Structure formats: structure tokens, C-alpha cells
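# A look at the structure
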Amino acid sequence: MCNRKSVLWTITPHFPPRPILFCRNCNDKRPFQSSQKFRLNAQGKRLDAWLIYRCLSCGTRWNRPIIERGFLYKIPGDQLQALQSNDSGLANSIALDLHGLKRHTSQIVQSPEIAVKKDLLSGGPEPWNRLQIHLAVQGPATIRLDRLLATQLSLSRGQIQKWIKTTRLSLAGHGSRPFKRIAQDGSVVQLELDDSTDSRNLVRRAIGSVDNQE
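The rules behind each value
- Residues numbered from 1 in each chain as written.
- Predicted model: local features only at pLDDT ≥ 70, side-chain atom pairs only at ≥ 80, totals over all residues.
- Heavy atoms only, no water.
- Helix = DSSP H or I, 4+ residues; strand = E, 2+ residues; numbered from the N terminus.
- Rg over C-alpha atoms; globule rule 2.2 N^0.38 Å.
- Buried < 20%, exposed > 50% of the residue type's maximum accessible area, 1.4 Å probe, protein only.
- Contact = heavy atoms within 4.5 Å.
- Areas by Shrake-Rupley, 256 points an atom, 1.4 Å probe, with all protein chains shown as cover.
- Lys, Arg positive; Asp, Glu negative; His and termini not counted.
- Charge placed at Lys NZ, Arg CZ, Asp CG, Glu CD.
- Patch = residues over 30% accessible without salt bridge, like charges linked within 9 Å, V, L, I, M, F, W, Y side chains within 5 Å.
- Salt bridge = Lys/Arg side-chain N within 4 Å of Asp/Glu carboxyl O.
- Phe/Tyr/Trp six-rings, centres within 6.5 Å; stacked < 30°, edge-to-face > 60°.
- Lys NZ or Arg CZ within 6 Å of the ring centre and 35° of its normal.
- Pairing = 2+ DSSP bridges.
- Axes fitted to C-alpha atoms, helices over the stretch in contact; angles between N-to-C directions.
- Polar contact = N/O pair within 3.5 Å; in protein donor to acceptor, adjacent residues only side chain to side chain.
- Arc of directions from axis to C-beta.
- Core = buried A, V, L, I, M, F, W, Y, C linked by side-chain atoms within 4.5 Å.

In this section: the overall build of the chain. Of regular secondary structure, the chain possesses 6 helices and 11 strands. Its C-alpha atoms give the chain a radius of gyration of 22 Å, more than 25% over the compact-globule value 17 Å for 214 residues. Sorting the 214 residues of the chain into buried and exposed places 40% on the buried side. In the chain, of all internal contacts separated by at least 6 residues, the share reaching a separation of at least 24 is 68%. In the form shown here, the chain has an accessible surface area of approximately 11,900 Å², with 45% of it arising from carbon and sulfur atoms. If the 32 positive side-chain charges of the chain are averaged to one point and the 17 negative ones to another, these points end up 7 Å apart.

Before going further, it helps to spend a moment on a positive patch on the surface. A cluster of basic side chains, namely Arg24, Arg39, Arg54 and Arg61, defines a positive patch on the protein surface. Mapped onto the fold, Arg39 is located in strand S3 (residues 28–43). Given a relative accessible area of 34%, Arg39 falls into the partly exposed group.

Attention now goes to the packing of aromatic side chains. Scanning the model with the defined rule gives 2 aromatic pairs in all. Taking the centre distance of 5.2 Å and the plane angle of 55° together, the rings of Tyr53 and Trp62 count as tilted. This pair shows no difference in class: Tyr53 is buried, exactly as Trp62 is. Just above the ring of Trp50 sits the side chain of Arg39; from NZ or CZ to the centre is 4.8 Å. When the ring centre of Phe71 is taken as origin, the NZ or CZ atom of Arg46, which lies over that ring, is 3.8 Å away.

Quick look at the sheet that holds strand S4 (residues 46–55) now. Taken in spatial order, the 5 strands line up as S5-S4-S3-S2-S6 in an open sheet, and their pairing is antiparallel. At either margin of the open sheet sits one strand with a lone partner, and together these are strand S5 (61–71) and strand S6 (108–109). The sheet contact formed by S3 and S4 spans 10 bridges and is antiparallel. Among the inter-strand pairings, Gln33 is bridged to a residue of S4, identified as Arg54. Where helix H1 (residues 77–84) meets the sheet, its contacts fall on S3, S4 and S5, and the angle it forms with S3 comes to roughly 120°.

Bringing the side chain of Arg64 into the picture now. Structurally, Arg64 is set in strand S5. Asp97 provides the closest opposite charge to the buried, salt-bridge-free Arg64, at an N-O distance of 4.0 Å. In this structure the side chain of Arg64 is engaged in a polar contact, spanning 3.2 Å, whose partner is the backbone oxygen of Asp97. With near-sequence residues (within four places) excluded, Arg64 lies in contact with Ala49, Trp50, Leu51, Tyr53, Ile94, Ala95, Asp97, Gly100, Leu101 and His104.

The α-helix winds at 3.6 residues per turn, so residues separated by three or four positions along the chain end up facing the same way. Three or more residues of helix H5 (residues 157–165) are buried, namely Ile160, Trp163 and Ile164. End-on view of H5: buried residues confined to an arc of 105°, all on one side of the axis. Opposite the buried face of H5, by more than 90 degrees, sit the exposed residues Lys162 and Lys165. Looking at the buried side of H5, the elements it contacts are helix H4 (145–152), strand S9 (169–171), strand S10 (188–192) and helix H6 (197–206). Looking one or two residues past H5, Thr167 carries a phi angle of roughly 60°, positive in sign.

Another point: the nonpolar core. Trp9, Leu145, Leu148, Leu149 and Leu169 are the most contacted members of the largest nonpolar core, which totals 31 residues. Taken together, the elements giving at least two residues each to this core come down to strand S1 (4–13), strand S7 (114–123), strand S8 (130–137), H4, H5, S9, S10 and H6. Leu47, Tyr53, Leu83 and Ala91 belong to the second-largest nonpolar core, a separate cluster that totals 20 residues.

Here Gln190 lies in strand S10. A polar atom in the side chain of Gln190 sits 2.8 Å from the side chain of Gln132.

Quick look at the pairing of S4 now. Along S4, 8 of the 10 residues are buried, which leaves the element largely enclosed by surrounding structure. Counted along the chain from S3 to the antiparallel partner S4, the turn is 2 residues long, and its residue Gly44 has a positive phi close to 65°. In terms of strand pairing, S4 meets S5 through 8 bridges, oriented antiparallel. Within S5, the position partnered with Ile52 by the bridge is Asn63. Linking S4 back to S5 in an antiparallel pair, the connection comprises 5 residues, with Gly59 at a positive phi of about 90°.

Encoded structure:
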């Protein structure tokens, strides 16, 4: 019988993508960062909305278009309220939208560092014979899956590769190559365990109650 321990790793970059834009005050290209504030302009039955960014060097403002000449009656009430109240959740989700940001510039700085929040999903008492790690990647990630696992489980990259080759470590529905790619939202990593102190320590590191940083 499979007695598995399941955990959720929520991965977020230390800062949202930063567009490189021409700053009229600096007279040069500079990185801009989201202020988590919105600007709204309603005219009659239509609304324009922007997410405000600031130049990291001088604070000059750039407005990232969110809604352009949108009909007010077509905008969901909860979205309109979030815009009006400068809801941080909505601001963060827009700031983390790398694809949308690319419509405005091709030069974007992404955070090389991440934060990992670990939450226990399910699992009975010991002994466990399998560890499942579910990945929830919030925004663009820049870390390879094998490096993420090595860092968060305190393992060497060599040990990770050894377990991949022996299929002790696997990615549900995939082979070994995805471990060399960027960590993807929705991925489920499986690690076969044995009744040993090392395995129990692996589980403890996987479900650590304190946020870990890469």
C-alpha cells in the first residue's frame, strides 16, 4: 500500500518582472517597478485603467494599460472594486503577468531569486514510502526544477541526478528531461522513500513550516 506524504510548494519571485523603459527624467533606459497602485479615468460609460510603475532611479511614473475604453457595465463588480481600492492581490497578479508586459517592451528584468512557501496537503502516519511535491508557480520562475529540489531538500545536484536515473525521483507524466527545465506550475514531483532517518529528514525539509529562500 502506498502511504504518501503530499506537500504544496508555492513559488514566487522576490520581485515581479521589471520593464526596462526610457525614462524622460533620467534621459536613459531604466528599470521600472510596480507601485501596486492603479490610476482610473471614467468618462461617461467608459473606463480606462492603468497599473502605475515607477522608475527605480528617480520615481518617474509609467502607466501600464489594464483597461482601455472599456464599457463600465462589462467590468465585473469585484474587479472594479479591486481597482478602486488598489487591491494588492490584483496589482500583484497583473505585475506578475510577464506575457502581458511583453506587449509594452522586450526588455524585462526578472528576479533571479525566489521564495518558497511549504504547506502540508495530506499524509498519514509513518512510515511513508512516497513523497509528492505539488508546485504552484506564481508568476514567471527562472529556476530549474533540479536546482529547486536540490536547494529546498538540501541535496547535491549529483544526488538529484542519481535518483532521476534510478527513477527514485520522477515527474508525474514525464521523463527525466523536464528536471533540467524551468520549474512549471502544476508539476507533481514524486520521490520514493524508504524507512530510514535520511528519508524522514527529507520529508521534514519538504514540509518545513518556515518559508525558505533560494
